[in-house]
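Residue strings, one per chain:
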Amino acid sequence: MGTFGEKPSIYGLTIDELAGWLTERGQKKFRAEQIWDWLYRKRARSFSEMSNVNKECLALLEENFALGTIDLQLKQVAKDGTVKFLFRLRDGNLIETVLMRQAYGLSVCVTTQVGCNIGCSFCASGLLRKVRNLEAAEIVEQLMQVQFFLDEAGKGERVSHVVVMGIGEPFDNFDNMIRFVKVINHPKGLAIGARHITVSTSGIVPKIYEFADLDLQVNLAISLHAPNNELRSSIMKINRAYPIEKIMEAMDYYLKKTNRRVTIEYILLKDVNDHVEEARQLAELLKDKRKLVYVNLIPYNPVLETPYQRSTKEAMLAFYDTLKKNGINCVIRKEHGTDIDAACGQLRSKQLKKAN
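Residues numbered from 1 in each chain as written. Predicted model: local features only at pLDDT ≥ 70, side-chain atom pairs only at ≥ 80, totals over all residues. Heavy atoms only, no water.

**Quick word on the packing of helix α1 (residues 15–24) against helix α2 (residues 31–41)**
Selection rule: Each axis is a line fitted through C-alpha atoms, and for a helix only the stretch in contact is used; angles between axes span 0 to 180 degrees, taken between their N-to-C directions. Strands here are runs of E lasting at least two residues and helices are runs of H or I lasting at least four, both read from the DSSP assignment and numbered beginning at the N terminus. These descriptions rest on fixed angle ranges, namely under 35 degrees for roughly parallel, over 145 for roughly antiparallel, 65 to 115 for roughly perpendicular, and the rest for oblique. Should the near helix be turned counterclockwise from the far one by less than a right angle, the crossing is left-handed, whereas a clockwise turn marks it as right-handed. For this analysis, residues touch if any pair of their heavy atoms sits within 4.5 Å. Gly is put with the polar residues, along with every residue not named as nonpolar or charged; the nonpolar set is Ala, Val, Leu, Ile, Met, Phe, Trp, Tyr, Cys and Pro, and the charged set is Asp, Glu, Lys and Arg.
Packing of α1 against α2 leaves a shortest axis separation of 8 Å and a crossing angle of 130°. Of the possible angle classes, the one that applies to α1 and α2 is oblique. For the pair α1 and α2, the sense of crossing is right-handed. Of the residues in α2, those in contact with Ile15, Leu18, Ala19 and Leu22 of α1 are Arg31, Ala32, Glu33, Ile35 and Trp36. Tallied by class, residues from the contact of α1 with α2 come to seven nonpolar, no polar and two charged.

**Details of the side chain of Glu278**
Selection rule: Three labels apply to residues, based on accessible area from a 1.4 Å probe with only protein chains included: buried if under 20% of the type maximum, exposed if over 50%, partly exposed otherwise in between. Think of it this way: Lys and Arg go in the positive column, Asp and Glu in the negative one, and His and the chain ends go nowhere. By definition here, a salt bridge exists when the distance from a side-chain nitrogen of Lys or Arg to a carboxyl oxygen of Asp or Glu is within 4 Å. For this analysis, a polar contact is any N or O atom pair within 3.5 Å, provided that within protein one partner can donate a hydrogen and the other can accept it, and provided that sequence-adjacent residues contribute only side-chain to side-chain pairs.
With respect to the helices, strands and loops of the structure, Glu278 is situated in helix α10 (residues 276–286). Despite its burial, Glu278 pairs with no opposite charge, the nearest such side chain being Arg280 at 9.7 Å. One polar contact links Glu278 to His275, side chain to side chain, over a distance of 2.7 Å.

**Concerning the UniProt feature "active site" (unreviewed entry) in the chain**
What counts, and what does not: UniProt positions are given in the numbering used here, feature names are shortened, and annotations may be inferred rather than shown by experiment.
In this structure's numbering, the residues bearing the UniProt feature "active site" (unreviewed entry) are Glu96 and Cys344. Counting through the fold element by element, Glu96 comes out in strand β3 (residues 94–102). On the basis of relative accessible area, Glu96 is assigned to the buried category, the value being 2%. Within the structure, the side chain of Glu96 is placed 3.0 Å from the side chain of Lys84, a separation counted as a polar contact.

**Re the domain arrangement of the chain**
The test is simple: Just so you know, the domain bounds were taken from an automatic or database domain assignment. Here's the idea: put two parts together, see how much 1.4 Å probe accessible area each one loses, and the total over both is what we call buried area.
Domain annotation of the chain identifies domain 1 (15–64) and domain 2 (71–355). Here domain 1 and domain 2 have C-alpha centroids that lie 34 Å from each other. At the junction of the two partners, domain 1 supplies nine residues and domain 2 supplies 14 residues. Summing both sides of the interface, domain 1 and domain 2 together bury roughly 1100 Å²; the carbon and sulfur share of this comes to 56%. Run the count over domain 1 and domain 2 and you get four salt bridges. Residues Glu17 and Arg179 are paired through a salt bridge, measuring 2.7 Å at the closest nitrogen-oxygen approach. Where domain 1 packs against domain 2, one counts five residue pairs in polar contact (both at pLDDT 80 or more).

**Looking at the environment of Pro243**
You can see Pro243 is positioned in the loop between α8 (238–241) and α9 (244–258). By relative accessible area, Pro243 is classed as buried at 18%. Residues Pro243 and Gly12 lie 231 residues apart in sequence; the distance between their C-alpha atoms is 34 Å.

**Structural notes on the sheet that holds strand β4 (residues 105–109)**
Selection rule: In this analysis, strands are considered paired if DSSP registers two or more bridges between them.
Strand order in the open sheet formed by 10 strands is β1-β2-β3-β4-β7-β8-β9-β10-β11-β12, with mixed pairing between adjacent strands. Across the chains shown, the open sheet's two edge strands, defined by having one partner strand only, are β1 (71–77) and β12 (330–332). Strand-to-strand twist in this sheet, taken as the mean axis angle between neighbours without regard to direction, amounts to 20°. Strands β8 (197–201) and β9 (219–223) of the sheet are contacted by helix α6 (residues 205–214), whose axis makes an angle of about 170° with β9. Sheet strands in contact with helix α11 (residues 313–325) are β10 (262–268), β11 (293–299) and β12, and its direction is about 170° off that of β12.

Now the structure itself:
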């Protein structure tokens, strides 16, 4: 049985698991490929649409699985084409997913947890404590729901990139997150290339090693947000458990093992971590790996419940210039959806307040 005493979602199974499940019940292994074709290529909304799958097999699916366990609650569309989705889960919890139009394609940011326990002081997601991890199926379904939305628009668009950076800490829900990646990356499924998938962590060090050992060719982003322990601990509690030097060691291991570039995420907070001095410290911290790291400078979306403000344009440019002069690859991230509840977790937080 699935969560909350209901049938589990079929989106939670890898193709091999589905094939094994079917053969144990007297069905042919190739049925799994047919079913996946209906799920991810033809994007069937009910089992009865699967016209080339025999009746006995369809009855088995109908009896044992659900085809969709999350419901769209609310949708916000920004002037730049960014779409923010608020989904209700079976247990009534709310999560957010965001579709962004990038120069390189359509990118979706998915959520991995209901709430977050990392407790970064500037983050809207962390205002609400973690209730539970999402199941792999619930993460896959976020992507499917966005793809259904695109299909209904009738322009033949498809999701090409995925970032695992929504509500929650992906490495705190490691197994479900990895299963999600394997499902969406599979060539018979949504076939989203590993290099088009980025997973972000605030620095859960043991999981960075584990992630490196899986050798998935998926991109890693590390949310650093400060170049020294004192400053980082003051805005990110996790730094007390996994200080910067431990993160740098884990990053070195990852770089050596995978030879994949790591993105360093750095939110610029006015008069907190945005001085030229911090830029110099960051350049110093990264200088021995500058060929394999890339710094993403993020303009802050203010959150009502926090004291932080967005850095001035001058401060952002001075920070950027300092990194560049020190040979660090960096970019100031283009903003999406600033005219809707832009900061991750804000839409959910607002809805929960209305309900209380």
